[in-house]
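If you want the building blocks of each chain, they are given just below.
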Amino acid sequence: MRPWTSSTWRRAAAVGVTAVCLWYAPIAMTELWSYARPGAPAPGEWLLAHTVSPRYVHDALATRVAPYRHSLVPMIVHSVLGGLLMLLGPAQLLTAARRRARLHRTLGILFAVTVYASMAGAGLYLARTAPRDAFSGPAFWIVLATILVGTVLSVTFGILAAVGHLPDLHQRWMLLCYGFLLTAPLLRLEWGALPAVLPGLSMAEINRVAIMHLGSLVVFGALLASRARDHRDGIEGLGRSWAPLPVTVLAHLAGAAALVWVARALAAHGTAGNRLLVAYLVPYAVAYGVMATVARRAARAGRVWAREEWRIHLTGLCLAPVFSAGAVAVLQHSLGIGRFTALTAGVAIGCGITAFGATLVVSLRLLYAREVRRRAVPTTRAVPRVTTAVP
């Protein structure tokens with residue numbers, strides 16, 4: 001039996017992402033029809049009711065009528081355009097892989113405009129909806145707002161990189177942007193799958209479990225995709241590492257201390273807290289194990305740039321619990337929410353925000369290397385020709 005190569009894994013991942021997007025696109029586009037016109041087709045609700053139970057779906061959506069109808073038009077715009085983005089994303093990946101530059105550029109403009117319009121609809125909904133009225137409460141409202149900001153900033157940086165003829169940066173930001181967008185279909189998958197693992201929980205409770213790791217999963221997937229498409233062992237002008245051993249050691253120590261604090265804080269809330277803690281720790285441990293392993297392998301193989309990028313993101317991952325611990329008090333006092341809610345929200349957004357920061361550092365790292373190369377190019381000035389008169 002032929003072993004799976006890295007190209008086979010990349011192809012399988014692309015097929016899997018495409019399948020999820022194609023599955024979710026019609027669900028997203030029709031998700032809010034029933035709120036505008038009762039009895040309208042709702043394939044997502046039908047599928048979830050047959051996967052789990054009709055009661056499970058009814059109890060969750062019964063409380064959504066008033067908040068959604070209050071901002072129905074922006075929400076419909078957001079969901080319909082969100083379904084379109086599920087189709088445009090795989091198309092963009094395919095055109096990039098096939099090097100269809102003109103088609104990729106045209107679809108990219110459509111993708112960016114659709115992202116801005118879809119996120120504008122989501123922003124209006126969030127602005128008109130009090131955090132306590134959001135599905136699953138204030139924690140989910142905070143997560144949605146964070147994803148919205150991350151998506152808009154990512155696509156904006158991706159556009160700026162494309163305009164500046166920086167394809168490696170453009171690729172990283174657009175993959176991160178699409179990773180944030182993929183939280184929507186992945187959340188629906190968890191609505192259907194987690195009740196089998198955690199029976200008896202409502203969809204709102206399942207939702208709180210899912211948000212504890214969705215952010216870390218999508219940014220980790222975006223990182224894997226970025227690294228799979230970057231085959232450079234080194235980059236001219238890279239210079240010294242921006243994540244040297246003392247920095248990584250300090251990040252590990254601070255992260256370990258913050259992780260212990262987060263674990264104790266969540267465990268203090270009994271069964272519900274322990275459930276959220278497991279949902280957070282397992283994906284976190286997997287991401288850490290993969291990043292640490294490949295960073296070490298890249299260092300041994302002398303792949304300087306690969307080691308540098310993995311180290312920067314590993315440092316960001318270590319600092320995620322530090323950010324989460326610091327965010328708890330800020331969220332609690334600024335939004336006037338309970339301690340457990342602030343803790344849930346702070347932990348849920350930590351990995352996504354620090355991964356965004358790590359991508360920003362990687363971008364600055366590449367720009368710095370380009371500037372070093374530019375300054376190293378010798379400038380030749382025209383030397384005036386001197387002629388000597390012959391007597």
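The present account deals with the structure reproduced in this document. (Residues numbered from 1 in each chain as written. Predicted model: local features only at pLDDT ≥ 70, side-chain atom pairs only at ≥ 80, totals over all residues. Heavy atoms only, no water.)

### Let's talk about helix 8 (residues 138-163)
Count 3.6 residues to each turn of an α-helix, and residues three or four apart come out pointing the same way.
Phase 1: With 26 residues, helix 8 extends 38 Å from end C-alpha to end C-alpha; this agrees with the ideal 38 Å at 1.5 Å per step.
Phase 2: His 165, located one to two residues past helix 8, shows a positive phi value of around 55°. (Helix = DSSP H or I, 4+ residues; strand = E, 2+ residues; numbered from the N terminus. Expected span 1.5 Å × (residues − 1).)

### As for the packing of helix 9 (residues 167-181) against helix 11 (residues 203-228)
Phase 1: Running from amino to carboxyl end, helix 9 crosses helix 11 at an angle of 150°, the nearest separation of the two axes being 8 Å. Relative to helix 11, the element helix 9 lies roughly antiparallel. Crossing of helix 9 over helix 11 shows right-handed handedness. Across from Gln 171, Arg 172, Leu 175, Leu 176, Gly 179 and Phe 180 in helix 9, the residues of helix 11 making contact are Val 218, Val 219, Ala 222, Ala 225, Ser 226 and Arg 227. (Axes fitted to C-alpha atoms, helices over the stretch in contact; angles between N-to-C directions. Parallel < 35°, antiparallel > 145°, perpendicular 65-115°, else oblique. Left-handed = near helix turned anticlockwise from the far one by under 90°. Contact = heavy atoms within 4.5 Å.)

### A look at the side chain of Ser 226
Phase 1: Following the sequence through the fold, Ser 226 ends up in helix 11.
Phase 2: The class of Ser 226 is buried, set by a relative accessible area of 4%.
Phase 3: With residues near it in sequence (within four places) discarded, Ser 226 still touches Gln 171, Arg 172 and Leu 175. (Buried < 20%, exposed > 50% of the residue type's maximum accessible area, 1.4 Å probe, protein only.)

### A few points about a nonpolar patch on the surface
Phase 1: A grouping of Trp 242, Leu 360, Val 361, Leu 364, Leu 367, Tyr 368 and Val 372 is seen on the molecular surface, where their side chains present a nonpolar patch of about 550 Å² in accessible area.
Phase 2: Mapped onto the elements of the fold, Tyr 368 is located in helix 15 (residues 339-376).
Phase 3: Residue classification places Tyr 368 among the partly exposed positions, given a relative accessible area of 41%. (Patch = residues over 30% accessible without salt bridge, like charges linked within 9 Å, V, L, I, M, F, W, Y side chains within 5 Å. Areas by Shrake-Rupley, 256 points an atom, 1.4 Å probe, with all protein chains shown as cover. Salt bridge = Lys/Arg side-chain N within 4 Å of Asp/Glu carboxyl O.)

### Points about the packing of helix 7 (residues 101-128) against helix 8
Phase 1: Relative orientation of the contacting elements helix 7 and helix 8 amounts to 155°, with a least axis distance of 10 Å. Comparing the axis directions of helix 7 and helix 8 gives the class roughly antiparallel. The chirality of how helix 7 crosses helix 8 is left-handed. When helix 7 is examined against helix 8, the residues Phe 111, Ala 112, Val 115, Tyr 116, Met 119, Ala 122, Gly 123 and Leu 126 are found in contact with a partner set consisting of Trp 141, Leu 144, Ala 145, Leu 148, Thr 151, Val 152, Val 155, Thr 156 and Ile 159.
Phase 2: Here the contact of helix 7 with helix 8 is built from residues that sort into 14 nonpolar, three polar and no charged. (Nonpolar A, V, L, I, M, F, W, Y, C, P; charged D, E, K, R; others polar.)

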